[in-house]
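Here is what each chain is made of, one letter per residue.
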Amino acid sequence: METREVTIPVVGGLPADLIVPSGATGVVLFAHGSGSSRHSPRNVAVAHQLNGRSLATVLVDLLTPDEDALDARTAELRFDIGMLAERLAAIVDWMGAEPMLGRLPIGIFGASTGAAAALVAAAARPDQVRAVVSRGGRPDLAGSSLSAVRAPTLLLVGGLDEQVIVLNEQARAELGDVAELRIVPGATHLFEEPGTLDQVADQAGTWFASHLRIPQRTGRGR
């Protein structure tokens, strides 16, 4: 397993933590939620479980340090879904050209508002993004992009997060057949209850393992 801290050449450089297991079969880009960062303990925990299933992971800060300081004061950038999605799409492009990652099918794991940005980016990069998982997400904030998403999408919501369940049900209807909504019993918005985040990681891992597969070359020997 190779672990590196890299700087992704988007908006002057976004720091990211890259982990590539030996024999990786896919790579998952993490889109953190509002007010968070690549150090989100929940995303890090999920990423480690995905690594154990031969999936590479990219955890990245979507805001520059100056933007993060501004957002901490004003909260004006964390809901700028268009900007965040543009950055995710640019990162997807970078991943496709990165020697360690270029051959791997790409998925995006989005949390909270990051899930909306993930879906907008998936709609913008239909040939590159092969699967999406949303944890406690706000897919409704993806707006008209929902109907353009082609990637298989798993929406995971805590059973006690009633308002977000309603918003996800509405978004699932817009997403159509590509989406599946699953409720994690006994979980609140942040999945802090014992065992609930493990359920998220397990279901996300299975979803990505099913949809992120390197095409097998076939041919007839001579």
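We now turn to the structure provided with this report.

Conventions and cut-offs
Residues numbered from 1 in each chain as written. Predicted model: local features only at pLDDT ≥ 70, side-chain atom pairs only at ≥ 80, totals over all residues. Heavy atoms only, no water. Core = buried A, V, L, I, M, F, W, Y, C linked by side-chain atoms within 4.5 Å. Buried < 20%, exposed > 50% of the residue type's maximum accessible area, 1.4 Å probe, protein only. Helix = DSSP H or I, 4+ residues; strand = E, 2+ residues; numbered from the N terminus. Expected span 1.5 Å × (residues − 1). Pairing = 2+ DSSP bridges. 1 Å grid on protein atoms, 1.4 Å probe; cavity = no way out; pocket = protein on both sides within 12 Å on 5 of 7 lines; lining within 4 Å. Points joined across faces, edges and corners; volume = space filled by probe spheres on them. Nonpolar A, V, L, I, M, F, W, Y, C, P; charged D, E, K, R; others polar. Axes fitted to C-alpha atoms, helices over the stretch in contact; angles between N-to-C directions. Contact = heavy atoms within 4.5 Å. Right-handed = clockwise from strand over helix to strand, strands pointing away. Arc of directions from axis to C-beta.

### Structural notes on the nonpolar core
By size, the foremost hydrophobic cluster in this structure holds 48 residues, and its most contacted members are I8, L29, V58, I91, M95 and L101. Looking at this core, the element that brings in the most residues is helix α3 (residues 81-97), giving 9 residues. L55, L156, V184 and F191 belong to the second largest nonpolar core, which has 22 residues in total.

### Observations concerning α3
For α3, spanning 17 residues, the distance from its first C-alpha to its last is 25 Å, which sits close to the expected 24 Å at 1.5 Å a residue. Taken together, the buried positions of α3 are I81, M83, L84, A85, R87, L88, A89, I91, V92, W94 and M95.

### Overview of the pairing of strand β6 (residues 129-135)
Walk down a regular strand and you will see the side chains alternate between the two sheet faces. Counting buried positions along β6 gives 6 out of 7 residues, so the element sits mostly inside the fold. In terms of strand pairing, strand β5 (residues 106-111) meets β6 through 6 bridges, oriented parallel. Counterpart to A111 in the pairing with β6 is R135. Relative to strand β7 (residues 153-158), β6 is paired through 4 bridges, and the arrangement is parallel. Looking at β7, one finds that V132 is bridged to T153.

### Here we look at the layout of surface pockets
If you add up the space inside the largest pocket, you get close to 190 Å³. Along its surface, the largest pocket is lined by 13 residues, and G33, A111, S112, R135 and L190 are the ones closest to its centre. The class makeup of the residues in the lining of the largest pocket is 2 nonpolar, 9 polar and 2 charged.

### Describing the sheet that holds β5
An order of β1-β2-β4-β3-β5-β6-β7-β8 is seen for the 8 strands of this open sheet, with the pairing classed as mixed. For this open sheet the edge positions go to β1 (2-8) and β8 (179-184), each flanked by a neighbour on one side alone. Neighbour-to-neighbour, the strand axes of the sheet open up by a mean angle of 20°, direction not taken into account. Here helix α1 (residues 41-51) sits on the sheet in contact with β2 (14-20), β3 (26-31), β4 (55-60), β5 and β6, set at roughly 160° to β4. Where helix α4 (residues 113-124) meets the sheet, it contacts β3, β5, β6 and β7, and its direction lies at approximately 150° from that of β5.

### With respect to the pairing of β8
With 6 bridges joining them, β7 and β8 adopt parallel strand pairing. Residue pairing across strands places G158 opposite V184, the latter belonging to β8. Crossover β7 to β8 through helix α5 (residues 162-175) is right-handed.

### Focus: α5
End to end, α5 covers 20 Å across 14 residues, agreeing with the expected 20 Å (1.5 Å per residue, within 8%). Within α5, the full set of buried residues consists of V164, I165, L167, N168, A171 and L175. One side of α5 holds all its buried residues, which, seen down the axis, span an arc of 165°. Facing away from the buried side of α5, by more than 90 degrees, are the exposed residues E162, Q163 and A173. Where α5 is buried, its residues meet α4, β6, β7 and β8.

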